[in-house]
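# An overview of the molecular structure
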Amino acid sequence: MTLTWMKPFLKNSWTGQAELWTDPSGHQAESSTCSLQFRTDRIDYRWAYQGELQRGSFLFRDEQFQWTDTWHQAKPVSCQLIPDRRGLITLEYDYPDLPVQTGVGGSCSHNDQTAH
């Protein structure tokens, strides 16, 4: 499945900065170089945490979305598409093991794009 908005990006890549917010007070983020690769059925990405390379992907199949990431989510999980949000795509996943359901979203944004 190719999402309509994704067609212009197919077989392209993007490089920019990623932010990871690990500060519980929400005042400080760690940044690293990030890259995206757009494929027919997924978006693959790379980023780093404390100098260690991390990888992830958003996989699209039959109106279903799966997310996996070496740092955030090693086991693939199903996500829900959240339409009309910022960025290229916003997906959301609830962590069922938490006492309170917390939405966790990932979005691919292209504000500071360097397309190849």
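In this text the structure is predicted, and so the values were computed from the model without any measurement. (Residues numbered from 1 in each chain as written. Predicted model: local features only at pLDDT ≥ 70, side-chain atom pairs only at ≥ 80, totals over all residues. Heavy atoms only, no water.)

## Structural notes on the overall build of the chain
Each helix and strand counted, the chain has zero helices and eight strands in total. Taken from N to C terminus, the helices and strands of the chain fall in the order β-β-β-β-β-β-β-β. Split into buried and exposed, the 116 residues of the chain put 31% on the buried side. For the chain, contacts bridging at least 24 residues in sequence account for 31% of all contacts bridging at least 6. Working note: accessible area of the chain is about 7,800 Å², and carbon and sulfur atoms make up 48% of it. (Helix = DSSP H or I, 4+ residues; strand = E, 2+ residues; numbered from the N terminus. Buried < 20%, exposed > 50% of the residue type's maximum accessible area, 1.4 Å probe, protein only. Contact = heavy atoms within 4.5 Å. Areas by Shrake-Rupley, 256 points an atom, 1.4 Å probe, with all protein chains shown as cover.)

## Notes on the pattern of salt bridges
Side chains bearing opposite charge may pair, as long as their charged atoms lie close to each other. Here the structure, examined in full by the defined rule, presents three salt bridges. Its salt-bridge partner being R42, residue D44 comes within 2.9 Å of it at the nearest N-O pair. Residue class for D44 comes out buried when judged on its relative accessible area of 17%. Given the relative accessible area of 27%, R42 is considered partly exposed. Connected through salt bridges with shared partners, the residues R39, D41, R42 and D44 form a single ionic network. (Salt bridge = Lys/Arg side-chain N within 4 Å of Asp/Glu carboxyl O.)

## Quick look at the side chain of S32
Locating S32 in the fold gives a position in strand β2 (residues 30–38). A polar atom in the side chain of S32 sits 3.1 Å from the backbone oxygen of A48. Once residues within four sequence positions are removed from consideration, S32 is found in contact with G16, Q17, A18, W47 and A48. (Polar contact = N/O pair within 3.5 Å; in protein donor to acceptor, adjacent residues only side chain to side chain.)

## A word on the nonpolar core
Counting residues in hydrophobic clusters, the biggest one holds 22 residues, and the most contacted among them are F38, I43, W47, F58, F60 and C79. Listed by contribution, the elements that provide at least two residues to this core are β1 (13–20), β2, β3 (42–49), β4 (52–61), β5 (64–69), β6 (73–81) and β7 (89–94). Here this core gets four residues from one element, more than from any other, and that element is β3. (Core = buried A, V, L, I, M, F, W, Y, C linked by side-chain atoms within 4.5 Å.)

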